[in-house]
Amino acid sequence: MSRWQNILKQSITVPADLPEILQPDRVQSIDVTDYYPMRINPYYLGLIKKKGDPLWLQAVPQEQELDDQVCVADPLAEENLSPVANLVHKYPDRVLFLVTSQCAMYCRFCTRKRKVGTKNMVISDKTIEEGLDYIRQNPQIHDVLVSGGDPFLLSDEKLDWLLGSLRAIPSVEIIRIGSRVPCTLPMRVTFKLCRILKKYHPLFINTHFNHPSEITPEAARACGRLADAGIPLGCQTVLLKGVNDDAETISTLMRKLLTIRVKPYYLFQGDLTCGTNHFRTSIETGQAIMQQLIGHTSGMAVPTYAVDGPGGAGKIPLTPNYIQSLDKQLCFTNYQGKTCFYDNGG
Ligand code: SF4
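Residues numbered from 1 in each chain as written. Predicted model: local features only at pLDDT ≥ 70, side-chain atom pairs only at ≥ 80, totals over all residues. Heavy atoms only, no water.

Enquirer: Describe the overall build of the protein, with residues and values.
Expert: Looking only at helices and strands, one finds ten helices and twelve strands in the protein. Within the protein, the proportion of its 346 residues that are buried is 54%. Partitioning the intrachain contacts of the protein with sequence separation of at least 6 by distance along the chain shows that 76% fall at a separation of at least 24. Approximately 15500 Å² of the protein is accessible, and the part contributed by carbon and sulfur atoms is 52%. Of the side chains in the protein, 37 bear a positive and 35 a negative charge, and the two mean positions are spaced by 6 Å. (Helix = DSSP H or I, 4+ residues; strand = E, 2+ residues; numbered from the N terminus. Buried < 20%, exposed > 50% of the residue type's maximum accessible area, 1.4 Å probe, protein only. Contact = heavy atoms within 4.5 Å. Areas by Shrake-Rupley, 256 points an atom, 1.4 Å probe, with all protein chains shown as cover. Lys, Arg positive; Asp, Glu negative; His and termini not counted. Charge placed at Lys NZ, Arg CZ, Asp CG, Glu CD.)

The structure is reproduced here in structure tokens:
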């Protein structure tokens, strides 16, 4: 068994097994894990400093998950947009391909918490083959986002086979992998894994960090290895109440991501996923944070703030509006709040 598999095996899966100081207040009555699974591996557990801190909030089940009257199980209508099981075809030229139900940690805010890590998510060689067949039969698909669950929870051999099968489809130009492993179990990023991945360029990885405390020497090493394998790395951060919903935290996170060779890609408004309403922030909060980034820090550190529209509407940018008027002249407010003009030409 590899080191990362050994670490994963030691994960805590019920709140009662947490160290006493990290247990939720009413641990006896909590049955959240009957509905939504828990997995906190020893690496991520070691990053949690105290009960209620931003990492604790992301990892430890809370009763509010069972008291959500606002959100729905499948807000992005993924099931309706799946022509075959575990493959979401929302945009014409790209698909989301779910290849495992397992993650190195079950994040409390997960968009797919209706099924990730549970028996509701059935993934087998058969469903993966059906997904591959669908991609083969639809040559308009140029971009495949491999996700789950976390694809890096697959064995090296399985991942090698899967990526090889995708790369053998002539119409597939881009392969993207969505993985939180560089954040939640960075020791999974072995040299062997990187040797496999680099065979399948052009390959992109979008990882997922939500707080500066997640950027550790281990995470830096994992991202460095992937970058050294020639893989461009992006980060999709989710705006979460109590975790990162202030400008200083987001700004620090974005700058630290660049230091570990990860380009901030999206800052997502939380999806309307049942069991996550307690994490939701307002769009005004997100836009105020963006105004503290744009112009105040390197453009490299500024992600696109967006919401994934309910019902499969697709991603909509929520960039704050700097335009006051647009005619023969563009009149805009700059990052310092000054009114400026630009001749519109044409
Ligand atoms: S790693 Fe991603 S898919 Fe897995 S629980 Fe976390 S957010 Fe969901």
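Enquirer: Could you give an account of the side chain of Gln23, naming the residues involved and the relevant values?
Expert: Along the polypeptide, Gln23 turns up in the loop between helix H1 (3-9) and helix H2 (42-47). Here the side chain of Gln23 touches Leu18 through a polar contact of 3.0 Å, landing on its backbone oxygen. With residues up to four places along the chain from it excluded, the contact list for Gln23 reads Pro15, Ala16, Leu18, Lys51 and Trp56. (Polar contact = N/O pair within 3.5 Å; in protein donor to acceptor, adjacent residues only side chain to side chain.)

Enquirer: Please give an account of helix H5 (residues 156-167) that cites residues and values.
Expert: If you check H5, its first and last C-alpha atoms are 16 Å apart, about what twelve residues at 1.5 Å a residue would give, namely 16 Å. Every buried residue belonging to H5 is among Asp156, Leu159, Leu162, Leu163, Ser165 and Leu166, and all of these are buried. Looking at the buried positions of H5, the neighbouring elements they touch are strand E2 (94-98), helix H4 (125-137), strand E3 (143-147), strand E4 (174-178) and helix H7 (191-197). (Expected span 1.5 Å × (residues − 1).)

Enquirer: Can you tell me about the packing of aromatic side chains, naming the residues and giving the values?
Expert: For any two aromatic rings, the description comes down to two numbers: the centre-to-centre distance and the angle of the planes. Counting across every chain of the model gives three aromatic pairs. Seen in terms of ring centroids, Phe109 and Phe279 are 6.2 Å apart; in terms of plane orientation they differ by 90°. Their pairing is edge-to-face. With Phe109 in the loop between E2 and H4 and Phe279 in the loop between strand E7 (263-268) and helix H10 (283-293), this residue pair connects regions lying 170 residues apart in the sequence. Ring geometry for Tyr266 and Phe268: centres 4.6 Å apart, planes at 25°, overall stacked. (Phe/Tyr/Trp six-rings, centres within 6.5 Å; stacked < 30°, edge-to-face > 60°.)

Enquirer: Tell me about the nonpolar core, and please be specific about residues and values.
Expert: Of all hydrophobic cores here, the largest spans 88 residues; its most connected members are Phe97, Ile135, Val144, Leu166, Leu197 and Phe209. For this core, the element with the highest residue contribution is helix H8 (residues 217-228), accounting for five residues. In contact with Leu166, other than residues within four places in its own chain, are Phe97, Leu132, Ile135, Val144, Val146, Val172 and Ile175. Core analysis: the next-biggest nonpolar cluster, separate from the first, contains eight residues, Val88, Leu98, Cys103 and Tyr106 among them. (Core = buried A, V, L, I, M, F, W, Y, C linked by side-chain atoms within 4.5 Å.)

Enquirer: Now, about the sheet that holds strand E10 (residues 323-326): what can you tell me, with residues and values included?
Expert: Remark on secondary structure: sheet strands pair via backbone hydrogen bonds, oriented parallel or antiparallel. Reading across from one edge, E10-E11-E12 is the order of the three strands in this open sheet, with antiparallel pairing throughout. The sheet is open, and its two borders are formed by E10 and strand E12 (339-343), each paired with just one other strand. Each neighbouring strand pair of the sheet contributes to a mean axis angle of 15°, computed without reference to strand direction. As paired strands, E10 and strand E11 (residues 329-333) are joined by three bridges and run antiparallel to one another. Each residue of the ladder has a partner; that of Leu326, found in E11, is Leu330. (Pairing = 2+ DSSP bridges. Axes fitted to C-alpha atoms, helices over the stretch in contact; angles between N-to-C directions.)

Enquirer: So what's going on with the pattern of salt bridges? Residues and values would help.
Expert: Within the structure shown, the criterion is met by 21 salt bridges. For the salt bridge of Lys113 with Glu65, the shortest nitrogen-to-oxygen distance reads 2.8 Å. Remark: Glu65 occurs in the loop between helix H3 (54-59) and strand E1 (87-91) and Lys113 occurs in the loop between E2 and H4; sequence separation between them is 48 residues. The buried category is assigned to Lys113, whose relative accessible area is 5%. On the basis of relative accessible area, Glu65 is assigned to the buried category, the value being 2%. Salt-bridge contacts for Lys192 lead to Glu157; the nearest nitrogen and oxygen are separated by 3.2 Å. Separated by 35 residues along the polypeptide, Lys192 in helix H7 and Glu157 in helix H5 bring together distant segments of the chain. A relative accessible area of 38% means that Lys192 is categorised as partly exposed. Three or more residues are tied together by salt bridges with common partners; here these are Asp74, Glu78, Glu79, Arg112, Arg114 and Lys115. (Salt bridge = Lys/Arg side-chain N within 4 Å of Asp/Glu carboxyl O.)

Enquirer: For unusual backbone geometry, give the residues involved together with the corresponding values.
Expert: Between Gly148 and Gly149 the backbone carries a cis peptide bond, its omega angle lying at 15°. By the secondary structure assignment, Gly149 is in the loop between E3 and H5. With an omega of 0°, the peptide bond running from His201 to Pro202 counts as cis. Take Pro202: it is sitting in the loop between H7 and strand E5 (203-207). Of note, Asn86 is a non-glycine position whose phi angle comes to about 65°, a positive value.

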